[in-house]
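Each chain, letter by letter, is given below.
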Amino acid sequence: MYKVFDLETETHSSHKRKASCFDVRNWVVARGWKIQNDPKCSWSYHPTFDRSSYLTIEPYVTLLIGFNIKFDLMWEMAQNNPDLLAFFQRGGKVWDCQYAEYLLNAQHPDSQMCALTDVAPKYGGTKKIDEVKALWEAGVQTSAIPEDLLIDYLVGTPEEQRNGGDIRNTELTFLGQIKRAVQLGMVKMIQDRMDGLLCTTDMEFRGLKIDVKEAGRRLQILQDDLAKADAELNSYVPADLPFEFNWGSKNHASYIIFG
């Protein structure tokens, strides 16, 4: 049994990361989901600061589906979601439609980090609501976007939930991708890549411990070695050149080596 989910968060940036789960100014403003065979989408809305909510993952769910799912998973990890831990402990799997599209298209550059609004129509979905994107681009925080507009963007209007919004579009994309993967014999390969994605997601969330003092010591050694190498190379450059010598130029280097 699968569960599709998506999050809409505040979008403050820090450390070159937009809508970072590590930025204490951000929180999940809206969360949408849909269980396999359920005709309707569900959602929760948190218009004021709330870092305690998390996605409920029922015991019978064996597959979580998303688009750029690493972003959503990292947010659920930041929320200390106990259901997510239990899901992984019982062997739960993930399917990232963005990553799958890239693999299904033979890793072509045009499919790298593709957008849901471009992919979904290929599988019977719809384009996203432009008004929400325009508000984000204008610097409006997600919590300031009207609730009805944001929820329509996330799950579609009540009349169109079967065909609109990020949740249903992601489900339609997944169902279409599975068919393609079966036809191409790529299901197992994609599943293996998704396991790898889980690994890199966990690594990115936890980070790497750096000994800053030791790193600085080694950096100084490298900088000293580089300075000596530069000095030795520059000793071969005539002092009376009528132009500024550039070691990055193949022509300049050729003049020094071959005359």
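Quick caveat: nothing in here was measured; it's all calculated off a predicted structure.

A. Just the overall build of the protein, in detail. Each helix and strand counted, the protein has 10 helices and 7 strands in total. Taken over the C-alpha atoms alone, the protein extends approximately 80 × 45 × 40 Å along its principal axes. Taking all 259 residues of the protein together, 41% fall into the buried category. For the protein, the accessible area works out to roughly 15000 Å², and carbon and sulfur atoms hold 56% of it.

B. Looking closely at the layout of surface pockets. Estimated volume of the largest pocket: approximately 940 Å³. Lining the largest pocket are 30 residues, with Glu 8, Asn 68, Lys 128, Trp 136 and Tyr 153 sitting closest to its centre. Secondary structure elements with two or more residues in the lining of the largest pocket: strand S1 (2-9), helix H1 (69-78), helix H4 (116-119), helix H5 (130-137) and helix H7 (165-184). In terms of residues, the lining of the largest pocket owes the most to one element, S1, which gives 5 residues. Tallied by class, the residues present in the lining of the largest pocket amount to 12 nonpolar, 8 polar and 10 charged. Of the voids in this model, the second largest pocket is the one considered here, and its volume is about 300 Å³. Along the walls of the second largest pocket sit 15 residues, with Met 77, Leu 84, Leu 85, Asp 202 and Arg 206 positioned nearest its centre. Within the residue set of the lining of the second largest pocket, elements represented by two or more residues are H1, helix H2 (82-89) and helix H8 (187-206). For the lining of the second largest pocket, the element with the most residues is H8, which contributes 5 residues.

C. Broad picture of the pairing of strand S4 (residues 28-35). Of all 8 residues in S4, 7 are buried; the element is thus mostly enclosed. Relative to S4, S1 runs antiparallel, the two sharing 7 bridges. If you follow Lys 3 over to S4, its bridge partner there is Ile 35. Pairing geometry for S4 and strand S5 (residues 42-45), over 4 bridges, is antiparallel. Bridge pairing links Arg 31 to Ser 44 in S5. Between S4 and S5, which follow one another and run antiparallel, lie 6 residues, and Asn 37 among them has a positive phi close to 75°.

D. Looking closely at the environment of Gln 79. If you trace the backbone, Gln 79 turns up in the loop between H1 and H2. Judged by relative accessible area, Gln 79 falls into the buried class, the value being 5%. Separated by 25 residues in the primary sequence, Gln 79 and Tyr 54 place their C-alpha atoms 6.2 Å from one another. With sequence-adjacent residues up to four places away left out, Gln 79 is seen in contact with Arg 31, Asp 50, Arg 51, Ser 52, Ser 53 and Tyr 54.

E. Structural context of H7. The terminal C-alpha atoms of H7 lie 28 Å apart, and with 20 residues this matches the ideal 28 Å at 1.5 Å per residue to within 8%. Of the residues one or two after H7, Gly 185 is the one with positive phi, at around 65°.

F. Summary view of unusual backbone geometry. Unlike most non-glycine residues, Lys 16 shows phi in positive territory, near 65°. As for its placement among the helices and strands, Lys 16 is situated in the loop between strand S2 (13-14) and strand S3 (17-18). A relative accessible area of 92% means that Lys 16 is categorised as exposed.

Reading the values: the criteria
Residues numbered from 1 in each chain as written. Predicted model: local features only at pLDDT ≥ 70, side-chain atom pairs only at ≥ 80, totals over all residues. Heavy atoms only, no water. Helix = DSSP H or I, 4+ residues; strand = E, 2+ residues; numbered from the N terminus. Buried < 20%, exposed > 50% of the residue type's maximum accessible area, 1.4 Å probe, protein only. Areas by Shrake-Rupley, 256 points an atom, 1.4 Å probe, with all protein chains shown as cover. 1 Å grid on protein atoms, 1.4 Å probe; cavity = no way out; pocket = protein on both sides within 12 Å on 5 of 7 lines; lining within 4 Å. Points joined across faces, edges and corners; volume = space filled by probe spheres on them. Nonpolar A, V, L, I, M, F, W, Y, C, P; charged D, E, K, R; others polar. Pairing = 2+ DSSP bridges. Contact = heavy atoms within 4.5 Å. Expected span 1.5 Å × (residues − 1).

Purely spatial values, then, with no claim about function.
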